[in-house]
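Notes for the structure review
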Amino acid sequence: MVWTPLRVALWLATGDRPPAAVWTAAQTATFLRKIRGHRLYPLFQLLILLGLRRGEVIGLRLSDIDLEGGYLAVSHQIRQVGATIEIGKPASDTSNRVIALDHGTIALLRRHLDTHHGDPAGYMFLNVHGHPTGPTR
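In what follows, the accompanying structure is described. (Residues numbered from 1 in each chain as written. Predicted model: local features only at pLDDT ≥ 70, side-chain atom pairs only at ≥ 80, totals over all residues. Heavy atoms only, no water.)

Okay, the overall build of the chain next. Looking only at helices and strands, the chain has 5 helices and 5 strands in total. Along the chain direction, N to C, the helices and strands of the chain fall in the order α-α-α-α-β-β-β-β-β-α. Here the chain, with 137 residues, has 34% of them falling under the buried criterion. A separation threshold of at least 6 residues defines the contact pool for the chain, and within that pool the share at least 24 residues apart is 45%. Accessible surface, the chain: about 8,600 Å² in total, of which carbon and sulfur atoms supply 58%. The distance from the centre of the 15 positive side-chain charges to the centre of the 10 negative ones in the chain is 9 Å. (Helix = DSSP H or I, 4+ residues; strand = E, 2+ residues; numbered from the N terminus. Buried < 20%, exposed > 50% of the residue type's maximum accessible area, 1.4 Å probe, protein only. Contact = heavy atoms within 4.5 Å. Areas by Shrake-Rupley, 256 points an atom, 1.4 Å probe, with all protein chains shown as cover. Lys, Arg positive; Asp, Glu negative; His and termini not counted. Charge placed at Lys NZ, Arg CZ, Asp CG, Glu CD.)

Below you can see the structure in the form of structure tokens.
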């Protein structure tokens, strides 16, 4: 379902929300504009514009991204099972894939890496404590 103005009004009035809904292009642009400058802006851009799943994007490591070649590889994900965080293969064989990056995303990731303070395991996106971002945050 798409978050049309009528669907948003219904949700605000009743609290009734569809289990899966997507933003319109205008809503997506507004969200990205409002969070520009946030330390996890690149994470949200990858989620939204490349269609990565939450566990896939937080599971990205520096070694999964080739900015010179212009691609990233999805080869594993981080997921939460109960209270346990697991690192494993993507959900299916087709989820294991290589995605081409446009020039804007490459530039964004370069800027992100310039401020990246490192993680021993090489994860791209870290929480405020310097650990990989969890799947529920």
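From this point, the narrative continues.
The subject of this paragraph is the pairing of strand S3 (residues 77-81). Bridge analysis of S3 against strand S4 (residues 84-88) gives 5 bridges, and the strand direction is antiparallel. Residue Ile-78 lies in a different strand from S4, and its bridge partner there is Ile-87. Turn length for the S3-S4 hairpin, with the two strands adjacent in sequence and antiparallel, is 2 residues, and the turn residue Gly-82 shows positive phi of about 65°. (Pairing = 2+ DSSP bridges.)

A few words now on the pattern of salt bridges. Tallied over the full model, the rule gives 4 salt bridges. Between Glu-86 and Arg-79 there is a salt bridge, with the nearest N and O atoms lying 3.5 Å from each other. A single network of salt bridges, built from pairs that share partners, joins Arg-53, Glu-56 and Arg-97. (Salt bridge = Lys/Arg side-chain N within 4 Å of Asp/Glu carboxyl O.)

Okay, the nonpolar core next. Among the nonpolar cores identified, the biggest contains 20 residues, and Leu-46, Leu-52, Val-57, Leu-60, Leu-72 and Phe-125 are the most heavily contacted of them. Within the residue set of this core, elements represented by two or more residues are helix H3 (41-50), helix H4 (54-58), strand S2 (71-74) and helix H5 (103-115). Leave out the neighbours within four places in its chain, and Val-57 touches Leu-43, Leu-46, Leu-47, Leu-52 and Phe-125. (Core = buried A, V, L, I, M, F, W, Y, C linked by side-chain atoms within 4.5 Å.)

Moving on: the packing of helix H2 (residues 25-35) against H3. Where H2 contacts H3, the two axes come as close as 10 Å, and the packing angle between them is 165°. Put simply, H2 runs roughly antiparallel to H3. Handedness of the crossing formed by H2 with H3: left-handed. Contact residues: Thr-28, Phe-31, Leu-32 and Ile-35 in H2; Tyr-41, Phe-44, Gln-45 and Ile-48 in H3. Residue composition of the contact of H2 with H3, grouped by class: 6 nonpolar, 2 polar and no charged. (Axes fitted to C-alpha atoms, helices over the stretch in contact; angles between N-to-C directions. Parallel < 35°, antiparallel > 145°, perpendicular 65-115°, else oblique. Left-handed = near helix turned anticlockwise from the far one by under 90°. Nonpolar A, V, L, I, M, F, W, Y, C, P; charged D, E, K, R; others polar.)

Glancing now at the environment of Ile-99. Structurally, Ile-99 is set in strand S5 (residues 97-100). A sequence separation of 34 residues divides Ile-99 from Ile-65, and the C-alpha atoms of the two residues are 9.7 Å apart. Contacts of Ile-99, omitting those with residues within four sequence positions, involve Leu-50, Leu-52, Gly-70, Tyr-71, Leu-72 and Val-74.

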